[in-house]
Amino acid sequence: MKPVVEIDEARLRIVLIADGAVMARDMNQSLIRLVAERPERADHDFILDLRESYGDGAHDDVLRIAEAFKLCGAGARAARTCFISLDAGFVHWARTMDFCFDNRTHHVFMTLEEAHAFLDRKRDELHAAAAA
């Protein structure tokens, strides 16, 4: 199964939402396809809603995604990946991903609204700093 994909080019943001039939590897394949179709997306912010996905992902999957992003030239702008997860330990998994990607940090939230608010706040901070 494929996740639901929402692309907001104006905010340079992509949201992938898993339902009960989407496995972690399905999410990973979708991420790779999205950046392969348009390499500039490798520098977009991502929100991955994993609350209803199956946890079949492994470190090798993360490395494949990181390599796909690097091949697309990712790292030109600071970007963030926000995971939506109810797993309290997921923050540790996300933190290790920071070391696999150039100029991308990984964060964990419990709701989509929290993730969007975080990314909006970071975007506003960047615009304020540029205007100063």
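As shown above, the structure is provided for reference.
Please read these numbers as outputs of a predicted model, since none were measured by experiment.

Caption draft 1: Representation of the layout of surface pockets. The space that makes up the largest pocket amounts to roughly 460 Å³. Around the largest pocket sit 29 residues that line it, and Ala24, Leu50, Phe83, Phe90 and Trp93 are the ones nearest its centre. Residue composition of the lining of the largest pocket, by class: 17 nonpolar, 7 polar and 5 charged. Its volume calculated, the second largest pocket comes out at about 220 Å³. Arg77, Arg80, Lys122, Arg123 and Leu126 are, among the 13 residues lining the second largest pocket, the residues nearest its centre. Looking at which element gives the most residues to the lining of the second largest pocket, the answer is helix H4 (residues 112–131), with 5 residues. Looking at the lining of the second largest pocket residue by residue, the class counts come to 5 nonpolar, 1 polar and 7 charged.

Caption draft 2: The pattern of salt bridges, seen in detail. Summed over the entire model, instances satisfying the criterion amount to 15 salt bridges. For arginine 41, the salt bridge goes to glutamate 9, with nearest N and O atoms at 3.5 Å. Taken together, the residues arginine 41 in the loop between helix H1 (24–37) and strand S3 (45–49) and glutamate 9 in the loop between strand S1 (4–8) and strand S2 (13–17) connect sequence positions 32 residues apart. When its relative accessible area of 29% is taken as the criterion, glutamate 9 is described as partly exposed. One salt bridge in this structure joins aspartate 124 and arginine 123, with 3.5 Å as the shortest N-O distance. Here arginine 123 falls in the partly exposed class, since its relative accessible area comes to 28%. Here the residues in one salt-bridge network are Asp8, Arg11, Arg13, Asp120, Arg123 and Asp124, joined through shared partners.

Basis of the calculations
Residues numbered from 1 in each chain as written. Predicted model: local features only at pLDDT ≥ 70, side-chain atom pairs only at ≥ 80, totals over all residues. Heavy atoms only, no water. 1 Å grid on protein atoms, 1.4 Å probe; cavity = no way out; pocket = protein on both sides within 12 Å on 5 of 7 lines; lining within 4 Å. Points joined across faces, edges and corners; volume = space filled by probe spheres on them. Nonpolar A, V, L, I, M, F, W, Y, C, P; charged D, E, K, R; others polar. Helix = DSSP H or I, 4+ residues; strand = E, 2+ residues; numbered from the N terminus. Salt bridge = Lys/Arg side-chain N within 4 Å of Asp/Glu carboxyl O. Buried < 20%, exposed > 50% of the residue type's maximum accessible area, 1.4 Å probe, protein only.

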